[in-house]
Amino acid sequence: MNISFEKAVGNLNPDLRLALGFKRTLPSVASASTTDAAWFQVMANPPVKEVFQKVFGLPVQFGLLDIDRQHEIMKEKSDIYLGTSDLSILSQDDKIESTIRTFLLKQQINEINVNSPMQIALSLISRL
């Protein structure tokens, strides 16, 4: 896939740009010599890291943790949310698509929760 296409899509929807970049980049990131090395490659690649971070429900402040602790948490969350921490498995086409679907769904849910007038109304009513 063409990077200029990703940029054009990103101008309309930054989440789709992340998803396209994730799909393009993850197989090369996952090809590191060991699973641990591959996860460190994930953490060194901001777009790939961001997709995983959102899929795992990790806050923005996650990046402030010690790199070794980030590594441990990413692997643990991968086992929990994706069923494995082996990036060679996660870089298979069907797993990439599943991860992207989860990422985009979580992003949509976050947008609804933050931006929805109904959410604001429900929040106000619940305080009565």
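Provided above is the structure to which this section pertains.
Residues numbered from 1 in each chain as written. Predicted model: local features only at pLDDT ≥ 70, side-chain atom pairs only at ≥ 80, totals over all residues. Heavy atoms only, no water.

1. Notes on the packing of aromatic side chains
Okay, step 1: Applying the stated criterion to the full structure yields four aromatic pairs.
Okay, step 2: Aromatic pair phenylalanine 52 and phenylalanine 56: ring centres 5.6 Å apart, planes at 25°, arrangement stacked.
Okay, step 3: For phenylalanine 52, a relative accessible area of 0% corresponds to the buried category.
Okay, step 4: Aromatic ring contacts, followed pair by pair, group Phe22, Trp39, Phe52, Phe56 and Tyr81 into a single cluster. (Phe/Tyr/Trp six-rings, centres within 6.5 Å; stacked < 30°, edge-to-face > 60°. Buried < 20%, exposed > 50% of the residue type's maximum accessible area, 1.4 Å probe, protein only.)

2. Considerations on the pattern of salt bridges
Okay, step 1: Going through the model one piece at a time under the given rule, you end up with four salt bridges.
Okay, step 2: One salt bridge in this structure joins glutamate 97 and lysine 23, with 2.7 Å as the shortest N-O distance. A residue pair is termed long-range when its members are at least 10 positions apart, and glutamate 97 in helix H7 (residues 93-115) and lysine 23 in helix H2 (residues 14-30) qualify at 74 residues.
Okay, step 3: What makes glutamate 97 partly exposed here is its relative accessible area of 28%.
Okay, step 4: Note that glutamate 72 and arginine 69 form a salt bridge whose closest N and O atoms lie 2.9 Å from each other. Note that glutamate 72 and arginine 69 are positioned in helix H5 (residues 67-82) at a spacing of three residues, about one turn of the helix. (Salt bridge = Lys/Arg side-chain N within 4 Å of Asp/Glu carboxyl O. Helix = DSSP H or I, 4+ residues; strand = E, 2+ residues; numbered from the N terminus.)

3. Some points on H2
Okay, step 1: Here H2 is 17 residues long and its end C-alpha atoms lie 23 Å apart, about the 24 Å a rise of 1.5 Å per residue gives.
Okay, step 2: The largest bend along H2 reaches roughly 35° and is located at arginine 24, with the proline proline 27 sitting one to four residues downstream. (Expected span 1.5 Å × (residues − 1). Bend = angle between axes of the 7 residues up to and from the residue.)

4. Quick word on the packing of H2 against helix H4 (residues 46-55)
Okay, step 1: Running from N to C, H2 and H4 cross one another at 110°; their axes reach a closest spacing of 9 Å. Between H2 and H4, the angle falls in the class roughly perpendicular. Between H2 and H4 lies a crossing of left-handed hand. Across the interface between the two elements, Leu18, Phe22, Thr25 and Leu26 from H2 touch Pro47, Val48, Glu50, Val51 and Phe52 from H4.
Okay, step 2: Residues of the contact of H2 with H4, tallied by class, amount to seven nonpolar, one polar and one charged. (Axes fitted to C-alpha atoms, helices over the stretch in contact; angles between N-to-C directions. Parallel < 35°, antiparallel > 145°, perpendicular 65-115°, else oblique. Left-handed = near helix turned anticlockwise from the far one by under 90°. Contact = heavy atoms within 4.5 Å. Nonpolar A, V, L, I, M, F, W, Y, C, P; charged D, E, K, R; others polar.)

5. A short note on the side chain of aspartate 15
Okay, step 1: Structurally, aspartate 15 is set in helix H2.
Okay, step 2: Buried charge aspartate 15 goes without a salt bridge, the closest partner of opposite sign being lysine 54 at 5.4 Å.
Okay, step 3: Ignoring anything within four residues of it in the chain, the contact list for aspartate 15 reads Phe103, Leu104, Gln107 and Glu111. (Lys, Arg positive; Asp, Glu negative; His and termini not counted.)

6. Here's the deal with the side chain of serine 78
Okay, step 1: In this structure, serine 78 sits in helix H5.
Okay, step 2: Here threonine 84 takes part through its backbone oxygen, which lies 2.5 Å from a polar atom of the side chain of serine 78.
Okay, step 3: With residues up to four places along the chain from it excluded, the contact list for serine 78 reads Trp39, Phe56, Gly83, Thr84, Ser85 and Leu90. (Polar contact = N/O pair within 3.5 Å; in protein donor to acceptor, adjacent residues only side chain to side chain.)

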